[in-house]
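Coordinates in review
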Amino acid sequence: MQTYKKFLLAAAATLVFSANAMAAEKLRMGIEAAYPPFNNKDASGNVVGFDKDIGDALCAKMKVECSVVTSDWDGIIPALNAKKFDFLVSSLSITDERKQAVDFTDPYYSNKLQFIAPKNVDFKTDKASLKGKVIGTQRATLSGTWLEDNYGDDVEVKLYDTQENAYLDLIAGRIDGILADKYVQYEWLKSKDGQNFEFKGEPVVDSDKIGIAVRKGDPLREKLNKALAEIKADGTYKKINDKYFPFSIE
């Protein structure tokens, strides 16, 4: 009987350990879900896009079960630090200011910042030519910071909570142009709404490195870096890249 009790205790301990291990193997990825083609929601309300596919691939390499938690862009870093999710894979530019609040993985893609405006408008992108114009951009982004730091004294910078709202004002003629990530705008320019608009000038920032954010000091960063290197080495990354773009964004 004593041996049997020991067996039951050992079995119970194993079950508890296994349950805890399974719980530890579940992670939550934070995504804005309003920034196609990198992150968005499909007709069924499911989160889709390049960021989501990269996050899923990394979770598969780490052999963990991952779920998605969506967050408004303005509060997405505070939400990470409030432990509403475990890592943030939502096209976040790596900046010195953000490094004060979170740790970043190695970059998982590179972007550029470029203006778009109507095709039938002579739209030069130097400061003197843009003086007095209204330029839209998404709030709390690298493009917003760049505009305010470099052109803020000469143009009216109009900030939006989402990229989609900036596009709506551009279509309606309420702003003269938009500055945003080139590859996001590339997708929109191919759409019916974007067919009367085009890129203007050269990129004003041509090396915007995008990383995955974790809380300061979180060892998950190294696991994500290892998984990122593995999906690049085995062709998984290229497959995801080619699903969305006919060129490499790495």
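Residues numbered from 1 in each chain as written. Predicted model: local features only at pLDDT ≥ 70, side-chain atom pairs only at ≥ 80, totals over all residues. Heavy atoms only, no water.

How we decide: UniProt positions are given in the numbering used here, feature names are shortened, and annotations may be inferred rather than shown by experiment.
Looking at an unreviewed UniProt entry, the chain carries the name Amino acid ABC transporter, with the source organism given as Pseudomonas guariconensis. Here is the UniProt Sequence similarities (unreviewed entry) comment for the chain, exactly as written: "Belongs to the bacterial solute-binding protein 3 family."

**Considerations on the environment of lysine 200**
Applicable threshold: Starting at the N terminus, helices and strands are each numbered in turn, a helix being any DSSP run of H or I of at least four residues and a strand any DSSP run of E of at least two. By definition in these notes, contact holds between two residues if any of their heavy atoms fall within 4.5 Å. In the analysis that follows, any N or O atom pair within 3.5 Å is treated as a polar contact, provided that within protein one partner can donate a hydrogen and the other can accept it, and provided that, for residues neighboring in sequence, both atoms belong to side chains.
Checked against the element boundaries, lysine 200 lands in strand S11 (residues 197-215). Residues lysine 200 and valine 184 lie 16 residues apart in sequence; the distance between their C-alpha atoms is 15 Å. The contacts of lysine 200, once residues within four sequence positions are left out, are Gln114, Phe115, Ile116, Ala117, Pro118, Lys119, Val121, Phe123 and Thr125. Side chain to side chain, lysine 200 and glutamate 198 meet in a polar contact 2.7 Å long.

**A few points about the pairing of S11**
Note the following rule: Strands pair, by our definition, only if DSSP identifies at least two bridges between them.
Of the strand pairs in this sheet, strand S5 (residues 87-93) and S11 are connected by 3 bridges, and their pairing is antiparallel. By the bridge assignment, leucine 92 is partnered in S11 with glycine 211. Where strand S7 (residues 109-118) lies against S11, 8 bridges are found, and the strand directions are antiparallel. Paired with phenylalanine 115 across the two strands is lysine 200, which belongs to S11.

**A look at the UniProt feature "domain: Ionotropic glutamate receptor C-terminal" (unreviewed entry) in the chain**
Within this numbering scheme, the UniProt entry marks residues 26-247 as carrying the feature "domain: Ionotropic glutamate receptor C-terminal" (unreviewed entry). For residues 26-247, the end-to-end C-alpha separation is 33 Å, with 35% helix and 32% strand making up the annotated structure.

**Examining the packing of helix H7 (residues 163-172) against helix H8 (residues 182-189)**
Operational definition: Every angle, taken between N-to-C directions, lies between 0 and 180 degrees, and every axis is a line fitted to C-alpha atoms, over only the stretch in contact when it is a helix. By definition in this entry, angles of less than 35 degrees are roughly parallel, angles greater than 145 are roughly antiparallel, angles of 65 to 115 are roughly perpendicular, and the rest are oblique. A crossing counts as left-handed when the near helix is turned anticlockwise from the far one by less than a right angle, and as right-handed when that turn is clockwise. Only Asp, Glu, Lys and Arg are considered charged, only Ala, Val, Leu, Ile, Met, Phe, Trp, Tyr, Cys and Pro nonpolar, and every remaining residue, Gly among them, polar.
Look at H7 against H8: their axes get within 12 Å of each other, and the N-to-C directions meet at 50°. Viewed along their axes, H7 and H8 adopt a mutual orientation that is oblique. Considering only the axes of H7 and H8, their crossing is right-handed. Facing H7, whose interface residues are Gln163, Tyr167, Leu170 and Ile171, H8 presents Val184, Gln185 and Trp188. Among the residues forming the contact of H7 with H8, the class breakdown is 5 nonpolar, 2 polar and no charged.

**Some words on the domain arrangement of the chain**
A common way to report how large an interface is uses the accessible area buried once the components associate. Put simply, the rule reads: Domain borders in the structure are assigned automatically or taken from a domain database. Reported buried area values correspond to the accessible surface (1.4 Å probe) lost by two parts on association, with both partners' losses combined.
Along its sequence, the chain is carved into domain 1 (27-110 + 209-244) and domain 2 (112-207). Using C-alpha coordinates to define each centre, domain 1 is positioned 25 Å away from domain 2. Residue-level contacts link 12 residues of domain 1 with 12 residues of domain 2. Of the roughly 1200 Å² buried where domain 1 meets domain 2, counting both sides, 51% is carbon and sulfur surface.

**Digging into the nonpolar core**
Stated precisely, the cut-off is as follows: Think of a nonpolar core as a cluster: buried Ala, Val, Leu, Ile, Met, Phe, Trp, Tyr and Cys residues, connected wherever their side-chain atoms sit within 4.5 Å. Working definition: with a 1.4 Å probe on protein chains only, accessible area under 20% of the residue-type maximum means buried, over 50% means exposed, and in between means partly exposed.
The biggest cluster of nonpolar side chains holds 45 residues, and the ones touching the most others in it are Phe38, Phe50, Phe87 and Tyr108. Of all the elements, helix H2 (residues 50-62) adds the most residues to this core, at 6 residues. Counting contributing residues, this core receives three or more from each of domain 1 (27-110 + 209-244) and domain 2 (112-207). In contact with phenylalanine 50, other than residues within four places in its own chain, are Pro37, Phe38, Tyr108, Tyr109, Tyr237, Ile240, Asn241, Tyr244, Phe245 and Ile249.

**Let's talk about the side chain of serine 143**
Residue position: serine 143 is located in helix H6 (residues 142-150). Residue classification places serine 143 among the buried positions, given a relative accessible area of 4%. Once you skip the residues sitting within four places of it in the chain, serine 143 turns out to touch Leu113, Thr137, Leu179 and Ala180.

**Details of the pattern of salt bridges**
We count it as follows: Here a salt bridge means any side-chain nitrogen of Lys or Arg lying within 4 Å of a carboxyl oxygen belonging to Asp or Glu.
Applying the stated rule across the entire model yields 17 salt bridges. The partner of aspartate 53 in a salt bridge is lysine 243, with the nearest N and O atoms 2.9 Å apart. Of this pair, aspartate 53 sits in helix H2 while lysine 243 sits in helix H10 (residues 236-244), placing them 190 residues apart in sequence. What makes aspartate 53 buried here is its relative accessible area of 17%. In this structure, lysine 190 engages glutamate 187 in a salt bridge whose closest nitrogen and oxygen atoms are separated by 3.6 Å. Judged by relative accessible area, which is 53%, lysine 190 ranks as exposed. Under the relative-accessibility criterion, glutamate 187 is labelled partly exposed at 28%. The network of salt bridges with common partners includes Arg28, Asp86 and Arg215.

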